[in-house]
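So you can see what is in the structure, the chains are spelled out below.
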Amino acid sequence: MRNLLKITVLTCLLPLAACGGGSSSGGTASSGSSSSSSSSSSSSTPSAGIPTNDPPGATKIAYGPNAKQFGDLRLPSAATFGAGPYPIAVVVHGGCWTSGVGDKTSSASLADALTKRGIATWNIEYRAIGDSGGGYPGTFQDWSAATNYVRTLAATYPLDLNRVIIVGHSAGGHAALWLAARGKIAAGKDLYTANPLPIIATVDLDGPGELRAGLGYSAICGTAADQLMGGTPDQVPDHFAQASPSELLPLGVPQYIVSAVFVPLAAANRYRDMATAKGDTVTIIDQSHSGHFEMVTPGTPEEAQVETVVTGILHP
């Protein structure tokens, strides 16, 4: 079953034009309660594949005992940006929550580009479906442990714990929203986190804020979300109540959502409407003219727009 899922996912992810990425004209970014907006890139970009470049300069650091529990820390150049402390972006890769479909390499180029803009990055790896301990609750516990580990990193490296954001792509976009929400999970629950590291914003790059199939995301990952959760919403409602950001609203921090392939505009607008009704501010960046990987591929106008959003949060 896992091999069949990988074949299905990769068949859809690699030729993205077949999965909804195209070259039609772009749209505009829209916001919730703040009512601000900005223009999306209107140029067409040939569909990019999964990024495979892992630029040098990162320090690999374990945040747990498992081989998948580590991250790559990148620090800005002191010669260019001073000695710090630096704002930090926790970067979470995607891959349909499934081991072997994606890893931290797919988000390494984005992390490197942000570091060159004066932002420290912590590009994390984690257990996923198919790994021992992966899926619910282990995947979420890894996301949480890796994010909280920034406190430990700050004891050695010049990191500003008052300027922490989460940037996640695809399934990692779901992680970005969930990491902002996890403080609302009650003690005694599977996904409870004691003293979660505060974050000031989330940037979700085409990842679902709602995990119910047909409402929160497109079909490019098949039934992976249900596999992640250990069943459907009807079968494991408490899992979804703890793990779907839409069930934990309001998150209490600004949320930026890039909509392209995995999260079509209708799904992004649905999540925004739910969030703003609870008092959150959600900004949607419409990249539906593009594919799923341009936004994490430096050199594209879509990735440049992501850099602008992140630097605007951390270097206002």
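Refer to the structure above for everything that follows.
This section reports on the structure supplied with the text.

Once that is clear, we can look at helix 6 (residues 171-181). Among the 11 residues in helix 6, 11 count as buried, and that is most of the element. Within the sequence span of helix 6, burial applies to Ala171, Gly172, Gly173, His174, Ala175, Ala176, Leu177, Trp178, Leu179, Ala180 and Ala181.

For the structure on display, the rule yields eight aromatic pairs. On the basis of an interplanar angle of 75° and a centroid distance of 5.6 Å, the ring pair of Tyr126 and Trp143 is categorised as edge-to-face. Of this pair, Tyr126 sits in the loop between strand 5 (120-124) and helix 4 (138-148) while Trp143 sits in helix 4, placing them 17 residues apart in sequence. Both residues of the pair, Tyr126 and Trp143, belong to the buried class. It is Lys60 that lies over the ring of Phe70; its NZ or CZ is 4.4 Å from the centre.

Here the focus is empty space enclosed by the protein. All chains considered together, the criterion is met by three cavities of 30 Å³ or more. If you go around the second largest cavity, the residues you meet are Lys68, His93, Gly94, Gly95, Trp97, Thr98, Ser99, Gly102, Glu125, Tyr126, Ala128 and Asp131. Its residues placed into classes, the lining of the second largest cavity shows three nonpolar, six polar and three charged.

Before going further, it helps to examine the environment of Ser109. With respect to the element layout, Ser109 can be found in helix 3 (residues 105-115). Ser109 sits in the buried class, given a relative accessible area of 10%. Among residues more than four places away in sequence, those in contact with Ser109 are Asn53, Pro55, Val296 and Pro298.

Attention now goes to the state of the cysteines. Each disulfide consists of a covalent bond between the sulfur atoms of two cysteine residues. Scanning the model with the defined rule gives one disulfide in all. The disulfide that involves Cys96 links it to Cys221, with 1.9 Å between the sulfurs. In this structure, the disulfide formed by Cys96 and Cys221 twists by about -80° around the S-S bond and is classed as left-handed. A residue pair is termed long-range when its members are at least 10 positions apart, and Cys96 in the loop between strand 4 (86-92) and helix 3 and Cys221 in the loop between strand 7 (201-205) and helix 7 (224-229) qualify at 125 residues. The burial state of Cys96 is the same as that of Cys221; both residues are buried.

Trp97, Trp122, Phe140, Trp143, Ile165, Leu205 and Val310 are the most contacted members of the largest nonpolar core, which has 84 residues in total. Sort the elements by how many residues they give to this core and helix 6 lands first, with eight residues.

So, about the pattern of salt bridges. A full pass over the atoms with the stated rule returns 13 salt bridges. A salt bridge links Asp54 to Lys104, with the nearest nitrogen and oxygen atoms 2.6 Å apart. Taken as a pair, Asp54 in the loop between strand 1 (30-31) and strand 2 (59-62) and Lys104 in the loop between strand 4 and helix 3 lie far apart in primary sequence, 50 residues in all. The class for Asp54 is partly exposed, based on a relative accessible area of 31%.

By the criterion of burial, helix 3 is predominantly enclosed, with 11 of the 11 residues buried. Where helix 3 is concerned, the buried positions are Thr105, Ser106, Ser107, Ala108, Ser109, Leu110, Ala111, Asp112, Ala113, Leu114 and Thr115.

Basis of the calculations
- Residues numbered from 1 in each chain as written.
- Predicted model: local features only at pLDDT ≥ 70, side-chain atom pairs only at ≥ 80, totals over all residues.
- Heavy atoms only, no water.
- Buried < 20%, exposed > 50% of the residue type's maximum accessible area, 1.4 Å probe, protein only.
- Helix = DSSP H or I, 4+ residues; strand = E, 2+ residues; numbered from the N terminus.
- Phe/Tyr/Trp six-rings, centres within 6.5 Å; stacked < 30°, edge-to-face > 60°.
- Lys NZ or Arg CZ within 6 Å of the ring centre and 35° of its normal.
- 1 Å grid on protein atoms, 1.4 Å probe; cavity = no way out; pocket = protein on both sides within 12 Å on 5 of 7 lines; lining within 4 Å.
- Points joined across faces, edges and corners; volume = space filled by probe spheres on them.
- Nonpolar A, V, L, I, M, F, W, Y, C, P; charged D, E, K, R; others polar.
- Contact = heavy atoms within 4.5 Å.
- Disulfide = S-S within 2.5 Å.
- Core = buried A, V, L, I, M, F, W, Y, C linked by side-chain atoms within 4.5 Å.
- Salt bridge = Lys/Arg side-chain N within 4 Å of Asp/Glu carboxyl O.

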